[in-house]
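Summary of the model geometry
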Amino acid sequence: MMEIKHDQDQLVKLQFIKPAFMKLALIAFFTPLMISACGDSSSSNQIHNKIDYTKNYPPNNGGTLIDAMTGEPSGLIAMIAGESAASAIAGNIFNSLLRYDKNLELTGELVESWDVSNDQKTITFHLKPNLKWADDQPLTSDDVLFTWQKVTDEKTRTPYGSDFKLVTKAETPDANTFRVTYAAPYAPALDTWAGLHILPKHLLKDQDINTTAFARNPVGSHYYKLEKWKNGQFLKLTRNENATQGQAKIGNLLSRIIPDKAAQFLELSADNIDSMGLNPIQYARIFPARPDLNKNIALYKELGNSYTYLGFNLKRKPFDDIRVRQAINYAINKQEIIDGVLLGLGEPVASPYKPGTRWSNPELKPYPYDPNKAKALLKAAGYEDHDGDGILDKDGKPFTFEILTNQNKEREMTGVLIQRRLNEIGIKANIRVLEWASFLGRFIKPKEFDVVLLGWSLSLDPDQYSIWHSSQQAPGQFNFISYSNQRVDKLLEAGRLELNPDKRMKIYHEFSKILLEDSPIVFLSAGYGLTAIHKRVRGISNPAPPAGIGHNTYEWYIPSAYARNEMSEH
Amino acid sequence: MLKYLVKRIVWMVPLLIGISLISFFIMHLAPGDITTSEASFNPKASEESRQKLRELYSLDKPVIVQYSLWMKRMVTLDFGTSFASHQRPVFWQTKDKDGNVTLGMIQEALPITLLINVLSLILIISVALPLGVISALNQNQLTDRSITLFVFIGFAIPGFWLALMLMYWTGVQHNWLPISGLQSIGHENMNWLAQIADTLKHLALPVFISGITGLAGISLFVRNGMLEVLHQDYITTARSKGLSEKRVIYGHALRNALLPLITIFGLSIPGLIGGSVIAESIFAIPGMGKLFYDAVLMRDFPVIMGILTIGAVLTLIGNLLADVAYAWADPRVRRGVVQ
C-alpha cells in the first residue's frame, strides 16, 4: 500500500514542474528524432543511389528477387492450406493442367491440348511428353489421377473438393492422357483444373496428406523449388532444373515475412527488398513526394481481383421493390468513392467480371450519379417526405436502414460516403461495423440484415451459380441476399452446360445485363492492385495486361550489373 | 517449509483445471471457428465441405465434449496440432515414420520471445536501479525530476511510433542496424561469432523499445522503496553510529528497498513468455505475441489453449517462486510461513 501512496505523491508533484521546463525537455528529446525523420533523405542509401538503374541490359540468368509478404503460408499444398500466402508460393512450385494466359484465356500448362467430347460430358487432357518432377521422377497421368483422388477423398481436409466430386469417372488410358467424365456437362470444370496443383504420387502415396511433412518440403514441377523455409522469417525458392515450362531467368526468389506494411516500406526504401504491395496512400501520396525513391523504384498498377458492393436483403421491405434498389443505385456517386477511398486508384464496374476480359459485357455502364432520378423513383415507389422532417416516409414509417460491414477501413469510409449521399435524398442510413466471425454468424447466416457492404472476387470463370442462383439461399450458402430471378436462374444453368467459350460469353453477357438492371446489389468499385518493384528488375509488362504484371515473372530478369551482393542481404 | 511447498504444488492442479476450463469456455463464446475466417468466405468452398471440416475437428460437438477431448489429450501432455497449419504440432516437435521432424509452434516462438524479454529485463534493471537510487538520493531536485520526466516520457511514448522512427533513422538513413527480421539471410554461412553479432544487431531495436517503455515502473519502484527505507529508524541508527554514507545506502537501505522487487520479478515470469503483438509485427519477429494473435484471429483453438495453459502454469510457478524467494530473503516472512 505504501508504494501506491508514493506513486500518487509523485504524480501530484509532477504537475508542479514548470511548464517551460517540460517543454524544453520535450523539445530536447524529440528534436533529434524529428530531424532524422523529416531531414534530408537524399543522404540515405548513398551507395545505392550512386548506381544508375536506367541503363539497358539484355536478359540474363541469375540474381535474387526479394519480396515481402504479410503472412506466412501454413503449408505448400494449396488445396489444404487455402490462404493467399500459400497459393502465392505454391504457384511457383506446382503446375496445374491448365493456366490463364495474359488475357485471362485458358491455355495448357502441363497439357498440350484438351478435347471436349460431343456430348460435352467428357474432357480428355493430353499431357506434354517427358514431364519430370524436380527429383527427376517422370510426371504422368497417374499423378493427375492421384491428385484428383486426394482432393475428392473424404479424409482430406480441403474445402475445395465439391467441384471435383462432380467427376463421375476419372481414368488414365495411357501415361500421357487423363480423362474425366461428368454426369452432366460442367463448364466451370476447365477453370477448376486450372486451379488444382498436381501433386507427385510417388512421394505422397503412403502419406496422410493432411499432416505430411511434404507440405513443408515439397517437390513440384514448376519454375522453382523450395530451397529453405525458415519459420516466421523467409522462404527461399531456387530454380528447378527440370521445370516443365522452361527455365525462369531469375535464379532465386526470396519471400520475407514482414507482417507490418510500414516496416516493409522501410525495407524497400533501404533497398533490402525489391518488391512489395502498396496501399493507395503509399502509391498516390508518399511516392510522388519522394523523388529519391522514384529514382530506384518503379510503380505498377493492375486491376485487382475483387470489387466492393452494397447488397440488399431482398427478403426485406422495401428492398424487394426494384424502384427502391435502382433509386439507391442512382443516389450513390461511385466516382466519389473511388476518388475518396481509393485515391482514384480504382475503376467502376457494372458486372461481376473483370473489365477487359471476354466475360465482361462492354455495353454495360454503371448507374450514373443522378439524385433527381433517384428521388423520382422513390416517389413512384411511394416514398415522400410527408411530415417534413427531411426523411422520406411511406405509410407513416420513415425510410431508414442499417448498413452492415466488417472491420475494414476502406469499407467503413465507403459506408460514410454512401450514408451522406443517401441522406441528401432523404434516406437515413446507419453504419454498423462488426468483427468478421460475428458478422457472418449472427447476421449473414440468419439473414438478419438490411444492407451489407462487402466484396466479391472478380472470378476468372464466369460461373457465379453459387452467388446468384435462387437455389443457393440456405444458411451458409452464398446467395445470402436471397436473389431470385427465373431468367437469371435459366442463364446460370445454361452457362454451366456450355463449354464453347463464344456461346458461353453470350450467356453471361445477358446475365450481367439483367443483373445490372435488377440491381440486387450496387456495384461500387474495383480497386487496383498496386506494386512497387525495384528498377533492377527488368522485363515487366507495363501497362499490365488483364492478368496483371505477374503473368510473366519467368521472363523477368536482373542484369548482373545490378544484382545485389548476396552476403549483404539483410 | 516442505509441507508448505507440497501443499502449494498440490493446490496448483485444481487451479490449473479451473483456469483451463474457464479459458476453454470463454474461447468458445467468441463467435466463429476455423471454418468461418474471412479467407474461407469463398464461393469455391461449399458449405458441405466446411461442415465436413467442422466434423473432422470435432467442432460440431458440444463444448463440454470438446473440452473433455482436449483434457484427455492434455493428461498425456499432448497439446495437439494446429488447425490453421494442419501439420504443425502446437507445443513440441514430432517425428513421422520417415524421420521427418516437424518443429512445434511454441517450441520455435518461445525461445525468441524469452531471449528478447530476458535481454530487455536485464536492460531495464541495469538502467532502472541506478536511476531509481539516484532519484531517491536527490529527492525533488533537478536530477530527480529530469529522471522522472525521462522515464515517464519513455512510458508514455507510443512504442510503434518510436520503433518506426528508430528503424528509419538507424536502418534507412544510416546503415547501422537491420530494419526488421531476426537474422540476416546469409546467417547460416557465418561463423558463430558473426552469428551472435548478427542476432544481437537484429535484436537491438526491439530490446531497446521494450526496455524504454518498461523503465518507468521499476525505476519509480526503486526510488519510492529507497525513500521509504531512508526514513526508517534503522537508517537513522546506522547513520548515528557513524557508518559511512556509502555503507548506509548500499549496505542497509538498498538491500531492504529491493525486497519488493522479488514480488515484481515473480509476477513477471509469465510476462516473459508473452510477446508484444505490435512490436513483433513491426520488427517481423516470429514470437509468442504474433503466434497468439494470429491463433485468435484464425480461431485456432489448440494453439490458443496451448499458450494459455503454458501461461497459466508459468504464472502459478512464478507466484510460488516469488513467495519462496521472499521467504528466503526476508526472515520475517519466513517465520510467518512456518507458523
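Thresholds applied
Residues numbered from 1 in each chain as written. Chains lettered and ligands numbered in written order. Predicted model: local features only at pLDDT ≥ 70, side-chain atom pairs only at ≥ 80, totals over all residues. Helix = DSSP H or I, 4+ residues; strand = E, 2+ residues; numbered from the N terminus. Buried ≥ 20, exposed ≤ 12 C-beta atoms within 10 Å, placed from the backbone. Contact = placed C-beta atoms within 7 Å. Nonpolar A, V, L, I, M, F, W, Y, C, P; charged D, E, K, R; others polar. Expected span 1.5 Å × (residues − 1). Bend = angle between axes of the 7 residues up to and from the residue. pLDDT = per-residue confidence, 0-100. Axes fitted to C-alpha atoms, helices over the stretch in contact; angles between N-to-C directions. Left-handed = near helix turned anticlockwise from the far one by under 90°. Core = buried A, V, L, I, M, F, W, Y, C linked by C-beta atoms within 7 Å. Pairing = 2+ DSSP bridges. Right-handed = clockwise from strand over helix to strand, strands pointing away. Arc of directions from axis to C-beta. Parallel < 35°, antiparallel > 145°, perpendicular 65-115°, else oblique.

Right, let's talk about the overall build of chain B for a bit. Looking only at helices and strands, chain B has 14 helices and two strands in total. Principal-axis analysis of the C-alpha atoms places the extent of chain B at approximately 85 × 60 × 40 Å. Within chain B, buried positions represent 35% of all 339 residues. Of the contacts formed within chain B by residues at least 6 apart in sequence, a portion of 66% connects residues at least 24 apart.

Quick look at the interface of chain B and chain A now. Interfaces are often sized by the accessible area lost when the parts come together. Taken together, the 61 residues of chain B in the interface contact 62 residues of chain A. Put simply, the parts of the chain that give the side of chain B that touches chain A at least two residues each are helix H2 (47–56), helix H5 (142–156), helix H6 (159–173), helix H7 (192–230) and helix H11 (277–282) of chain B. Element by element, the count of residues in the side of chain B that touches chain A is highest for H6 of chain B, at eight residues. Of the residues belonging to the side of chain B that touches chain A, the class tally is 29 nonpolar, 21 polar and 11 charged.

Helix length check: H7 of chain B (39 residues) gives 48 Å between terminal C-alpha atoms against 57 Å at 1.5 Å per residue, more than 12% under. Of all the bends in H7 of chain B, the largest measures some 40 degrees and sits at Gly214 of chain B.

Now for the confidence of the model for chain A. For chain A, per-residue confidence averages 86 on the pLDDT scale, and 90% of positions sit at 70 or higher. In the predicted structure, residues 1–46 of chain A sits below a pLDDT of 50 and forms 30 contacts with residues beyond four places in sequence or in another chain.

All names here are of chain B. The N-to-C vectors of helix H4 (residues 105–137) and H7 enclose an angle of 35 degrees; their axes lie 6 Å apart at closest approach. As for how H4 packs across H7, the hand of that crossing is right-handed. The class makeup of the residues in the contact of H4 with H7 is 22 nonpolar, seven polar and one charged.

To continue, consider the nonpolar core. If you look at the biggest cluster of nonpolar residues, it comprises 206 residues, and the most contacted ones within it are Leu76, Ile77 and Tyr309 of chain A together with Met226 of chain B. Residues in contact with Met226 of chain B, not counting those within four places in the same chain, are Gly132, Val133, Ala136, Ala253, Leu254 and Ala257 of chain B.

Further remarks concern the sheet that holds strand E7 (residues 177–182) of chain A. Adjacent strands of a sheet form backbone hydrogen bonds with each other and so pair up, either parallel or antiparallel. Residues and elements named next belong to chain A. Spatially, four strands are ordered E4-E5-E7-E6 in an open sheet, and the strand pairing comes out antiparallel. Of all the strands in the sheet, the pair left with one neighbour each is strand E4 (111–116) and strand E6 (167–174). Across the sheet, the mean angle from the axis of one strand to that of its neighbour is 15 degrees, orientation sign disregarded. Two elements, strand E5 (residues 122–127) and E7, share five bridges in a ladder whose sense is antiparallel. Paired with Ile123 across the two strands is Val180, which belongs to E7. Running at roughly 165 degrees to E6, helix H6 (residues 141–152) makes contact with E5, E6 and E7 of the sheet.

Before going further, it helps to spend a moment on the pairing of strand E19 (residues 451–457) of chain A. Residues and elements named next belong to chain A. Of all seven residues making up E19, six are buried, and the element is well covered by its neighbours. Inspection of the sheet shows strand E17 (residues 400–406) paired to E19 by three bridges, in the parallel sense. The partner of Ile403 across the bridge, within E19, is Val451.

Our focus in this paragraph is the pairing of strand E18 (residues 428–434) of chain A. Residue and element names in this part refer to chain A. Taken together, the seven bridges between E17 and E18 define a ladder with parallel strand orientation. Bridge pairing links Thr400 to Lys428 in E18. Crossover E17 to E18 through helix H16 (residues 409–424) is right-handed.

Bringing the environment of His126 of chain A into the picture now. Residue and element names in this part refer to chain A. For His126, the position within the fold is in strand E5. Residues His126 and Asn210, 84 residues apart in the sequence, show an inter-C-alpha distance of 29 Å. Aside from chain neighbours lying at most four places away, what touches His126 is Val111, Glu112, Ser113, Trp114, Asn176 and Thr177.

Residue and element names in this part refer to chain A. Omega for the bond connecting Lys317 with Pro318 falls within 30 degrees of zero, at -5 degrees, which places this linkage in the cis form. If you trace the backbone, Pro318 turns up in the loop between strand E13 (306–312) and helix H13 (322–331). Here the amide bond leading from Asn542 into Pro543 is cis, since omega sits at 0 degrees, within 30 degrees of zero. Following the sequence through the fold, Pro543 ends up in the segment after strand E20 (521–534). Positive phi, normally seen in glycine, also occurs at Ser482, with a value near 60 degrees. Within the element layout of this structure, Ser482 appears in the loop between helix H18 (465–468) and helix H19 (486–497).

Residues and elements named next belong to chain A. Given a rise of 1.5 Å per residue, 16 residues ought to cover 22 Å, and the 23 Å separating the end C-alpha atoms of H16 matches this to within 8%. Within H16, the full set of buried residues consists of Arg411, Thr414, Gly415, Ile418, Arg421 and Leu422. All buried residues of H16 lie within an arc of 130 degrees about the axis, which places them on one face of the element. Opposite the buried face of H16, by more than 90 degrees, sit the exposed residues Lys409 and Arg420. The positive-phi residue at the C-terminal boundary of H16 is Gly426, with phi of around 95 degrees.

Turning our eyes to something else, we now look at the packing of helix H10 (residues 261–269) of chain A against H6 of chain B. One can describe the packing of H10 of chain A onto H6 of chain B by two numbers: an axis separation of 10 Å at closest approach and a directional angle of 15 degrees. Taken together, the axis directions place H10 of chain A and H6 of chain B in an arrangement best described as roughly parallel. For the pair H10 of chain A and H6 of chain B, the sense of crossing is right-handed. Side by side, H10 of chain A and H6 of chain B meet where Ala262, Ala263, Leu266 and Ser269 of chain A of the first sit next to Leu164, Met167, Tyr168, Gly171 and Val172 of chain B of the second. Considered class by class, the residues forming the contact of H10 of chain A with H6 of chain B number seven nonpolar, two polar and no charged.

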